[in-house]
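Examination of the molecular architecture
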Amino acid sequence: MNKKKPSIGRYILLLIFLLSLYSSWSLFIRENFKVSSDSDTEINIEIGDDSEIEDIILILKEIGDLKDVWSFKIISTLKRYDSNIKGGIVTLKEGYTNNELINSLRSPERRVIDIQIPENVRLIEDMIVLLEDSAGFNRGELQSFLDTSSFLEDNNLTIETLPAFFIPNTYQIYDGLSVELFLDRMKREYDIFWDNSRLSLCDSVGLTPVEVSILASIVEEEQDKRIDERPKIAGLYLNRLNNPLSFPYLQADPTVKFANKDFTIKQVLNKHLRFDSSYNTYKYKGLPPGPICIPSINAIDAVLNCEEHDYYFMCAGSNGDGYHKFTSSNKEHNKNKGKYKKYQGLN
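Residues numbered from 1 in each chain as written. Predicted model: local features only at pLDDT ≥ 70, side-chain atom pairs only at ≥ 80, totals over all residues. Heavy atoms only, no water.

**Focus on the nonpolar core**
- Within the largest apolar cluster, 58 residues are counted, with the highest numbers of intra-cluster contacts made by F166 and F182.
- With 7 residues, helix α10 (residues 209-222) is the largest single contributor of residues to this core.
- Judged by nonpolar contacts, the second largest core, of 22 residues, contains I45, L66, Y81 and Y96. (Core = buried A, V, L, I, M, F, W, Y, C linked by side-chain atoms within 4.5 Å. Buried < 20%, exposed > 50% of the residue type's maximum accessible area, 1.4 Å probe, protein only. Helix = DSSP H or I, 4+ residues; strand = E, 2+ residues; numbered from the N terminus.)

In structure tokens:
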């Protein structure tokens, strides 16, 4: 009696079974990656925040033996690693299954750097370059993002008011952070700073947070030595702003220096006052279009906690103590100016 020959269908089923077994082994059990034998015991790889799965595969091939790329890709998709790659430093050692490898890759150590946003940076272009250098961006990268994105509009800012957005302090950020994520972090810090208590003080002085920062930058430039005098100076400028009929112009000398882009000016002269710029508060009414420097937290709080008085004029003192002389009348103010000029030996 002739034995029955196995059908082709059975061979196909067996082949499918063996392929499934091999695939399962390759996907889940097999050691699919091993660090190169000529490498040290451990090797660190750096993954960028904008890396894609192909970038990871390229790195793995450079430092070791990735046997099956297809199985690595499948497990990356199943574990959603390919759509959620995090930047940072990953330490790899010896061999890994796909599952073990992806578990290691998805939990990188992120290198943290300190970035200092200093107060008193005057020019916007200088501020942008300083931030690019401090955060490790390419030169022009931050400026390009501001020019091409909706960031300023989304945050009710202009390029002129941008200095008000940065609260001077030292922050820790991840190295390699993108410009967008960096600005998102700064927005969180801005919102933390402008808490309900400070916003309530904004209402009490009748200014928005940006306007407070603009006035604070003027106060900062007016008094950088005797900072206990800042609340009095802030009160003086608020008196002028709140009395536009008698004081249609703020007439703040630091804005004239900023308008002229000459910070060496010791005595503001008529030629400086004639300079046509929206920052020149002798020619344009109200506050300038933006801060004339990044104001310190002390200057911001000086505006929010300004002194209430009836002073409208001030002049540098004539005794060298660094304080100003405050008056309510222009007549007294002119007397104080005369004393100061005599003290300084000015004509």
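Having seen the model, we can carry on.
**Quick word on the pairing of strand β1 (residues 31-35)**
- When β1 meets strand β5 (residues 95-97), the two strands line up antiparallel, connected through 3 bridges. When the sheet's bridge partners are listed, K34 is paired in β5 with G95.
- Relative to strand β3 (residues 64-66), β1 runs antiparallel, the two sharing 3 bridges. By the bridge assignment for β3, V35 is matched with G64. (Pairing = 2+ DSSP bridges.)

**Concerning the sheet that holds β3**
- Here 3 strands make up an open sheet; going across it, the order is β3-β1-β5 and the pairing antiparallel. In this open sheet, the two edge strands, each paired with only one partner strand, are β3 and β5. Each adjacent strand pair in this sheet contributes to an overall mean axis angle of 20 degrees, direction not counted.
- Lying over the sheet, helix α4 (residues 98-105) contacts β1 and β5, oriented at roughly 105 degrees with respect to β5. (Axes fitted to C-alpha atoms, helices over the stretch in contact; angles between N-to-C directions. Contact = heavy atoms within 4.5 Å.)

**Some words on helix α8 (residues 179-193)**
- Helix length check: α8 (15 residues) gives 21 Å between terminal C-alpha atoms against 21 Å at 1.5 Å per residue, within 8%.
- Restricting attention to buried positions, one finds in α8 the residues V179, F182, L183, R185, M186, E189, Y190 and F193. Axial view of α8: buried residues confined to an arc of 155 degrees, hence all on one face. (Expected span 1.5 Å × (residues − 1). Arc of directions from axis to C-beta.)

**A closer look at helix α2 (residues 53-63)**
- For α2, the full list of buried residues reads I53, I56, I57, I59, L60 and I63. For α2, the buried positions fall inside an angular range of 160 degrees around the axis, keeping them on one side.

**A word on the layout of surface pockets**
- What the largest pocket holds in volume is close to 1,600 Å³.
- Every residue lining the largest pocket is counted, 44 residues in all, and those nearest its centre are E222, D253, K257, K266 and A316.
- Looking at the lining of the largest pocket, the elements that each hand over two or more residues are α10, α11 (230-241), α12 (253-260), α13 (270-273), β8 (313-316) and α15 (330-344). (1 Å grid on protein atoms, 1.4 Å probe; cavity = no way out; pocket = protein on both sides within 12 Å on 5 of 7 lines; lining within 4 Å. Points joined across faces, edges and corners; volume = space filled by probe spheres on them.)

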